[in-house]
Amino acid sequence: MDSVLYLTDGQGSVKAVQIPVDMWRRLEPHARVLAGAPPEPEEPMGEFQEFLRLWDFRYSYDPAVSCPHCGAATEDWREGPDRPFRLTTASFGGLLVFRCQRCGATVRQKHFRDHVSHEHTPPGV
């Protein structure tokens with residue numbers, strides 16, 4: 001495991017471990033439970049499927065998401081092992097809300113009949 005870095009003090013005692021982000025994303029849910037934090041809620045995929053099923057806008061659905069705060073971006077938020085966005089809200093009325101996994105910002109897509117409005121809230125706000 002060349003990608004794991006052990007950080008030691010002057011006496012050689014391990015004080016911290018540094019791991020790659022993709023490894024952390026796989027371990028984070030388990031670490032949250034061990035730390036006593038409540039697990040993250042499941043993504044509302046049923047609501048998202050309902051959103052797509054009722055789609056009747058004048059344009060095709062585009063699964064690309066980007067974060068104006070930190071610059072994270074993906075062509076399809078649903079795919080890939082290293083997904084930079086997590087769906088937190090889906091409404092058949094056109095609202096999709098994502099949390100940026102890199103910085104914690106909230107990214108909103110508001111779908112209207114003829115356009116999409118993009119908004120975001122920086123982390124901690």
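Residues numbered from 1 in each chain as written. Predicted model: local features only at pLDDT ≥ 70, side-chain atom pairs only at ≥ 80, totals over all residues. Heavy atoms only, no water.

## Some points on the overall build of the chain
When helices and strands are tallied, the chain shows 2 helices and 8 strands. If you list the helices and strands of the chain from N to C, you get β-β-α-α-β-β-β-β-β-β. Here the C-alpha radius of gyration of the chain, 18 Å, is well above what a compact globule of 125 residues would show, namely 14 Å. Counting only C-alpha atoms, the chain reaches 65 × 30 × 25 Å along its principal axes. Put simply, the chain has 125 residues, and 26% of those count as buried. Counting 14 positive and 17 negative side-chain charges, the chain places the centres of these two groups 4 Å from one another. (Helix = DSSP H or I, 4+ residues; strand = E, 2+ residues; numbered from the N terminus. Rg over C-alpha atoms; globule rule 2.2 N^0.38 Å. Buried < 20%, exposed > 50% of the residue type's maximum accessible area, 1.4 Å probe, protein only. Lys, Arg positive; Asp, Glu negative; His and termini not counted. Charge placed at Lys NZ, Arg CZ, Asp CG, Glu CD.)

## So, the pattern of salt bridges
In the structure shown here, the tally under the stated rule is 7 salt bridges. Here D9 makes a salt bridge to K15, at a shortest N to O gap of 3.6 Å. Across the salt bridge formed by R53 and E50, the nearest N and O atoms sit 3.1 Å from each other. With a gap of 3 residues between them, R53 and E50 both fall in helix α2 (residues 45–53), about one helical turn apart. Since its relative accessible area comes to 57%, R53 is described here as exposed. (Salt bridge = Lys/Arg side-chain N within 4 Å of Asp/Glu carboxyl O.)

## Here's the deal with the nonpolar core
Ranked by size, the top nonpolar core spans 17 residues in total, and within it F48, W77, F85, L96 and F98 carry the most contacts. Of all the secondary structure elements, the ones that give two or more residues to this core are α2, β5 (85–90) and β6 (95–100). (Core = buried A, V, L, I, M, F, W, Y, C linked by side-chain atoms within 4.5 Å.)

## Examining the pairing of β5
Relative to β6, β5 runs antiparallel, the two sharing 5 bridges. Bridge assignment links L87 to a residue of β6, and that residue is F98. (Pairing = 2+ DSSP bridges.)

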